[in-house]
Amino acid sequence: MNPNTAMMEYCKAIIQKLLRYVSIILERLTMLTIPMVLWFMLSGQYRTTYDGRPKALDGGNLNMFKFKQPKVAISTPTWVYWAAGVGLVAVVFGFVFLIQFKKYQEKVQRKRVAEEKANLRLDVILSKLNIILPERKLLEALADGSGTPDEILPLVESVEDFESKVTEFKKTKPDPKVLKSIYNLRHKLGFDVNNKRANFISTQMLAGGIKLECQVPHPKKQILFVSTVLTVTENGILLKPPTVKKKPVNLKRYPHLTCRVRRGDEADYEFQLPILNQIFGKPNAIVLGHTNNIKKMFIRESERVHVDIFTTFYAMTEEKLSALGSGVNITKSDIALESVNGQIVDMSVGGLKAEVEKLPKNFEEGDLLIFHIQGANLREDMKARVLRINSTSADTHDIHMQFFRTRELERLKIKKFIYRIQKQTQQTTTRSGPPSTEGETVDPRKKNQPTPKASDAVSSNERNALLQ
């Protein structure tokens, strides 16, 4: 809103309030003035001498019964009028004061009740989160030293407000013990990467034991490895380095690592962590810094690769799978599940597309399919949720699926499998040469495009060693 408009609205509200008070005062003055006017009119203060009465009492000895009218009227003292005016003004101001005082009391009462409710709500939330007194004092310090619930509650309920206050607080260069307490407080409040209700906006939300998919910024090779986070502090991350022949790879010459982490079935999050140092010996660890520049990458945005894999799909609902709570192999062997044969025609890290000749009974979008991917070196069967079903003809149905509850190791094996298929396709294209263009029109836009080379990829031995 424009500041001038806001000022005009405020002045308009003040004028309306004053006019309302003036109308109330005038109304009450009128109600008080009418009785006083009637009193003055009927009290005989302005009575005059009347000489036109009959003189029946003037004769004889009846003068003793004659009432002698005073020739001068009795006047009311001036102080009476002053007293009446002052009293009237006092009554008016008394009424106004009582009204305003009553409104003030109601406002104070409402504020007191709101504060009591806010305090009770804050106490309940902190009690459920097991926040002890020192941690509550730390919350008050983050809230600029204010202990009011209005300042503390946003820090407890919003990760954005919490991280904003932490960033401002770090500018004061607090003690390392305080930084450690901030990290513990963050995870006690539920602001971690595993909590899907909190936005993943800072790598301080990571914790030890989480696996990251990292990529080394090699100028010619694509070097990927999955590593476990050893420790996370408020200032850095200790990551387990990849090994070659059981020896850690020296990554100090690289400026950063590009890492990804998956949060359930929601999305992948990609970010770059600067490499600060590397520790050799015990423990072998890469010292990485933190970042707030995190990119959310939806799972279905992964690149798809054409494949030709025959497999059998077993249909199941998510409710039934959750009720079983057992392994997929036990489910397939011990429970009668309806199955259909189909062909996987393309696949990515996040999902796949399959063609089947018929659909299971009562099969609909949102159900799960359990299947095995031949050649992907996966110990267990994979699960995928059906996103869309397209019936291209009466005998062919396209099923678009998204992988369901995949682990980091499974995702890495799928990525390796897709990479191996791409590499084989490139090698086949290189050995056979460019396709014949006889009888075909050559697109000039594609004529000068370079052909992918197999040497641009990492060697098989080096990649297997890095992925251990």
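One can find the structure itself at the top, above this paragraph.
Just so you know, these numbers come straight off a predicted model, no measurement behind them.

Calculation notes
Residues numbered from 1 in each chain as written. Predicted model: local features only at pLDDT ≥ 70, side-chain atom pairs only at ≥ 80, totals over all residues. Heavy atoms only, no water. Axes fitted to C-alpha atoms, helices over the stretch in contact; angles between N-to-C directions. Helix = DSSP H or I, 4+ residues; strand = E, 2+ residues; numbered from the N terminus. Parallel < 35°, antiparallel > 145°, perpendicular 65-115°, else oblique. Contact = heavy atoms within 4.5 Å. Nonpolar A, V, L, I, M, F, W, Y, C, P; charged D, E, K, R; others polar. Expected span 1.5 Å × (residues − 1). Buried < 20%, exposed > 50% of the residue type's maximum accessible area, 1.4 Å probe, protein only. Arc of directions from axis to C-beta. Pairing = 2+ DSSP bridges. Salt bridge = Lys/Arg side-chain N within 4 Å of Asp/Glu carboxyl O. Phe/Tyr/Trp six-rings, centres within 6.5 Å; stacked < 30°, edge-to-face > 60°.

Draft legend 1. Representation of the packing of helix α3 (residues 133-142) against helix α4 (residues 149-157) within the structure. One can describe the packing of α3 onto α4 by two numbers: an axis separation of 9 Å at closest approach and a directional angle of 105 degrees. It follows from the interaxial angle that α3 and α4 lie roughly perpendicular. Along its contact with α3, which presents L139, E140 and L142, the element α4 presents I152, L155 and V156. When grouped by side-chain class, the residues that make up the contact of α3 with α4 number five nonpolar, no polar and one charged.

Draft legend 2. Main features of helix α5 (residues 159-170). Taking 1.5 Å of rise per residue, the twelve residues of α5 would be expected to cover 16 Å, and the 16 Å separating its terminal C-alpha atoms lies within 8% of that figure. Taken together, the buried positions of α5 are V159, F162, E163, V166 and F169. Take α5 and look down its axis: the buried residues cluster within an arc of 120 degrees, on one side only. Where α5 is buried, its residues contact α3, α4 and α6 (176-188).

Draft legend 3. The sheet that holds strand β11 (residues 339-347), seen in detail. Overall, antiparallel pairing links the six strands, which are arranged β10-β11-β12-β15-β14-β13 in a closed barrel. Here the average twist between neighbouring strands, direction ignored, is 45 degrees. Examined bridge by bridge, β11 and strand β12 (residues 351-356) share five bridges and lie antiparallel to one another. Directly across from G342, in β12, lies its bridge partner V356.

Draft legend 4. Structural detail: the pattern of salt bridges. Summed over all chains, the structure comprises twelve salt bridges. Residues R411 and E213 are paired through a salt bridge, measuring 3.5 Å at the closest nitrogen-oxygen approach. Separated by 198 residues along the polypeptide, R411 in helix α9 (residues 408-432) and E213 in strand β1 (residues 211-216) bring together distant segments of the chain. The network of salt bridges with shared partners includes E213, R262, D268, R411 and K415.

Draft legend 5. Examining the packing of aromatic side chains more closely. Considering all chains together, one arrives at five aromatic pairs under this definition. Ring geometry for F162 against F191: centres 5.6 Å apart, planes inclined by 55 degrees, an arrangement best described as tilted. Note that F162 is positioned in helix α5 and F191 in the loop between α6 and β1, a separation of 29 residues in sequence. An identical accessibility class is assigned to F162 and F191; each is buried. Ring pairing ties together the aromatic residues F200, Y269 and F271, which thus form one cluster.

Draft legend 6. Unusual backbone geometry, seen in detail. Unlike most non-glycine residues, N130 shows phi in positive territory, near 60 degrees. Position of N130 among the secondary structure elements: in the loop between α2 (78-128) and α3. At K173, a position not held by glycine, the phi torsion is positive, near 55 degrees. Its relative accessible area of 74% is what places K173 among the exposed residues.

Without other data, these values stay purely geometric and don't point to any function.
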